[in-house]
Amino acid sequence: MTDPPSPAALILADSRFPGGGHVHSGGLEQAVSQGLVSGLDDLAGFLAGRLRTAGRLAAVFAAAAAHAAARRVRPAHWVALDAELDARTPTPAQRAASRAQGRGTARAALVAWPSPVLADLLAVTPRPHHAVLVGAVHGSTGGNAGQAALTTAYLAVSGPASAAVRLLGLDPFAVNAVLARLGPALTELAAEAARTAADRPADLPAPSSPALDLLAEAHDRHHQQEVRLFAS
Amino acid sequence: MPADRHAHDHGPGADHVHPVNFDPTAAEPDRHRAEPSAGRAFRLGIGGPVGSGKTALTAALCRALGAELRLAVVTNDIYTTEDADFLRRAGVLAPDRIEAVRTGCCPHTAIRDDITANLDAVDQLEQRFPGLELVIIESGGDNLTAVFSRGLVDAQIFVVDVAGGDKVPRKGGPGVTTADLLVINKVDLAELVGADMAVMVADAHRMRGALPVITQSLTRTPDAPEVADWVRGRVARVAA
Ligand SMILES: Nc1nc2c(ncn2[C@@H]2O[C@H](COP(=O)(O)OP(=O)(O)OP(=O)(O)O)[C@@H](O)[C@H]2O)c(=O)[nH]1
Ligand SMILES: [Mg+2]
């Protein structure tokens with residue numbers, strides 16, 4: 001990506017963006033409670049894995065949504081993207097978490113960047129997937145598919161990273177350095193996602209992560225029984 | 001309270017009114033009121049330090065107002081459903097009228113900086129119960145600076161207790177100085193902890209100017225009659 005990132009991309013990637021992201025840990029809380037992540041090394045592994053699976057899936061759909069938004073696609077296209085991402089998100093808990101963040105981001109976006117594209121999308125999918133909504137905002141504010149992919153891929157790891165700081169009391173400088181080391185992977189993944197941005201929704205890649213699926217479901221179950229501080 | 005009119009070094013023509021009073025000890029009503037729109041429930045925030053009696057007050061208000069207002073409750077507890085469970089056990093509200101919000105270890109963020117999760121919970125309750133008149137949102141216990149965003153609530157109550165020491169009101173902070181109502185709870189414990197009520201109340205009024213202060217004990221008056229009256233007044237003002 002040679003273009004400078006759009007200001008909207010920076011705002012959407014900011015942890016202070018008021019879209020409800022701070023209550024989600026992307027499976028990290030469950031991984032911590034099962035003893036799978038207890039220190040920096042585990043966290044680095046968790047984030048690298050998350051980036052290449054859930055992060056890549058989000059990036060692929062954000063890129064496709066940015067591409068679609070820039071072309072003001074017909075509403076049926078938004079329905080198709082929504083259904084295809086649903087099909088690639090096997091657990092109800094993850095679908096709910098994605099839609100909760102999509103709805104939250106939409107609420108903020110309608111105030112910040114109202115547009116006919118956003119109105120179209122929300123008319124057919126009032127609780128959109130997070131990646132699709134973030135991509136659509138990029139595409140409707142002049143951002144490109146690669147930027148949309150980079151933002152969503154980054155969000156897929158930055159949320160769990162800050163959850164780790166809060167849950168495990170890890171050194172924030174060290175955690176930030178773990179994120180920074182993912183830089184080259186993020187760039188590569190965003191560029192790759194941009195290459196499929198114009199594909200038909202059904203043809204988009206479908207990376208999966210059964211471990212994250214299981215963690216999400218376990219987290220949801222434990223909500224009912226014991227202490228959980230994050231919504232996912 | 002009058003706006004901050006003073007003469008400081010602005011050169012000639014300096015007799016002006018500051019839009020905001022920067023004196024941390026000065027209290028005044030929040031000028032930037034959220035407009036409670038007709039057709040949705042009145043949203044009341046209840047905040048304050050850990051253990052001051054927020055859930056107990058919420059339960060009291062449900063008991064006192066449940067028969068006359070269609071109401072529901074959102075709890076924000078880092079300990080997940082504990083507060084909601086308490087309300088259910090207390091039998092003051094049907095379980096489906098209580099939504100528990102998880103705050104990701106940041107109770108103040110969820111009521112102030114990023115109110116998304118709470119707005120979602122309110123939306124869900126309003127969809128489930130069309131015609132809701134009052135939604136009480138209880139914050140997770142936090143510090144004296146944690147206040148609700150005006151984007152989330154129409155009015156807010158800040159609850160402190162005497163067991164925290166009689167110094168609390170004079171420490172100030174946005175909760176004490178700007179909340180629409182300050183409740184000093186657990187006055188039954190004042191003697192036991194050596195808290196001087198006269199000092200506490202005087203400090204509270206000094207910090208808050210014209211804003212109201214209510215002292216109460218929920219063990220003595222479990223239905224919180226004075227606070228319930230205040231809430232009735234606020235809800236009626238919008239309905240009118
Ligand atoms: N003696 C006395 N105890 C009270 C009073 N009000 C509440 N309590 C008790 O204080 C304790 C804490 O009350 P809660 O209502 O749970 O306090 P809270 O502010 O909701 O606490 P968090 O949500 O954990 O921050 C409980 O054991 C209550 O029974 C009161 O007026 N007098
Ligand atoms: Mg409580």
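Residues numbered from 1 in each chain as written. Chains lettered and ligands numbered in written order. Predicted model: local features only at pLDDT ≥ 70, side-chain atom pairs only at ≥ 80, totals over all residues. Heavy atoms only, no water.

- In the annotation of an unreviewed UniProt entry, chain B is listed under the name Urease accessory protein UreG and assigned to Goodfellowiella coeruleoviolacea.
- UniProt lists a comment for chain B under the heading Subcellular location (unreviewed entry), and it reads "Cytoplasm". (UniProt positions renumbered as here; feature names shortened; annotations may be inferred.)

- By the naming in an unreviewed UniProt entry, chain A is Urease accessory protein, taken from Goodfellowiella coeruleoviolacea.

1. Re the site of ligand 1
Residues and elements named next belong to chain B.
Consideration 1: What surrounds ligand 1 is a group of 18 residues, the closest being K54, T55, A56, D188 and L218.
Consideration 2: Take G53: an N or O atom from its main chain is 2.9 Å from an oxygen atom of ligand 1.
Consideration 3: In isolation ligand 1 offers 650 Å² of accessible surface; the protein chains occlude 68% of this area.
Consideration 4: In terms of residue count, the dominant contributor to the shell around ligand 1 is helix α1 (residues 54-65) (three residues). (Near = heavy atom within 4 Å. Polar contact = N/O pair within 3.5 Å; in protein donor to acceptor, adjacent residues only side chain to side chain. Areas by Shrake-Rupley, 256 points an atom, 1.4 Å probe, with all protein chains shown as cover. Helix = DSSP H or I, 4+ residues; strand = E, 2+ residues; numbered from the N terminus.)

2. Describing the interface of chain B and chain A
Consideration 1: Residue-level contacts link 17 residues of chain B with 21 residues of chain A.
Consideration 2: Broken down residue by residue, the surface that chain B buries against chain A is led by R102, C105 and D114 of chain B, which jointly contribute 35%.
Consideration 3: One can count two salt bridges joining chain B with chain A.
Consideration 4: A salt bridge links D120 of chain B to R107 of chain A, with the shortest nitrogen-to-oxygen separation between them at 3.2 Å.
Consideration 5: At the surface where chain B touches chain A, the tally comes to eight residue pairs in polar contact (both at pLDDT 80 or more).
Consideration 6: At the level of elements, α3 (107-113) and α4 (116-128) of chain B are the ones that each hand at least two residues to the side of chain B that touches chain A.
Consideration 7: By residue number, the principal contributor to the side of chain B that touches chain A is α4 of chain B, which donates five residues.
Consideration 8: In the side of chain B that touches chain A, the residues fall into seven nonpolar, five polar and five charged. (Contact = heavy atoms within 4.5 Å. Buried area = accessible area lost by both parts, 1.4 Å probe. Salt bridge = Lys/Arg side-chain N within 4 Å of Asp/Glu carboxyl O. Nonpolar A, V, L, I, M, F, W, Y, C, P; charged D, E, K, R; others polar.)

3. Concerning the sheet that holds strand β8 (residues 181-185) of chain B
Residues and elements named next belong to chain B.
Consideration 1: Ordered in space as β5-β4-β6-β3-β7-β8-β9, the seven strands form an open sheet in which the pairing is parallel. Every interior strand has two partners, whereas the edge strands, β5 (98-101) and β9 (213-215), have only one. Neighbour to neighbour, the strand axes of the sheet diverge by 20° on average, direction disregarded.
Consideration 2: By the bridge criterion, four bridges tie strand β4 (residues 71-76) to β5 in an arrangement that is parallel. Directly across from N76, in β5, lies its bridge partner V101.
Consideration 3: The strands touched by helix α9 (residues 225-239) are β3 (42-47), β6 (134-138), β7 (155-161), β8 and β9; relative to β7, the strand with the most contacts, the crossing angle is about 170°. (Pairing = 2+ DSSP bridges. Axes fitted to C-alpha atoms, helices over the stretch in contact; angles between N-to-C directions.)

4. Focus on the packing of helix α3 (residues 40-70) of chain A against helix α7 (residues 130-140) of chain A
Residues and elements named next belong to chain A.
Consideration 1: Axis separation between α3 and α7 bottoms out at 7 Å; the angle between their running directions is 40°. Judged on the interaxial angle alone, α7 and α3 are oblique. In terms of crossing hand, the pair formed by α3 and α7 is right-handed. Here A58, F61, A62, A65, A66, A69 and A70 of α3 come into contact with α7, specifically with A131, V132, G135, A136, H138, G139 and S140.
Consideration 2: Its residues assigned to classes, the contact of α3 with α7 comprises ten nonpolar, four polar and no charged. (Parallel < 35°, antiparallel > 145°, perpendicular 65-115°, else oblique. Left-handed = near helix turned anticlockwise from the far one by under 90°.)

5. Details of unusual backbone geometry
All names here are of chain B.
Consideration 1: If you check the backbone angles, C105 has positive phi at about 70° while not being a glycine.
Consideration 2: Looking at the secondary structure, you find C105 in the loop between β5 and α3.
Consideration 3: The backbone of K186 sits at a positive phi, close to 65°, despite the residue not being glycine.
Consideration 4: Within the fold, K186 resides in the loop between β8 and α7 (190-193).

6. Looking at the UniProt feature "binding site: GTP" (unreviewed entry) in chain B
Residue and element names in this part refer to chain B.
Consideration 1: Under the UniProt annotation, the feature "binding site: GTP" (unreviewed entry) is placed at G48, P49, V50, G51, S52, G53, K54 and T55.
Consideration 2: The residue V50 is located in the loop between β3 and α1 in this model.
Consideration 3: By relative accessible area, which is 70% here, V50 ends up exposed.
Consideration 4: Apart from the residues lying within four places of it in its own chain, the contact partners of V50 are G141 and D142.
Consideration 5: Those residues within four positions of S52 in sequence are excluded, and the remaining contacts are V159, V160, D161, N185 and K186.
Consideration 6: One polar contact links the side chain of S52 to the main-chain carbonyl oxygen of P49, over a distance of 3.1 Å. (Buried < 20%, exposed > 50% of the residue type's maximum accessible area, 1.4 Å probe, protein only.)

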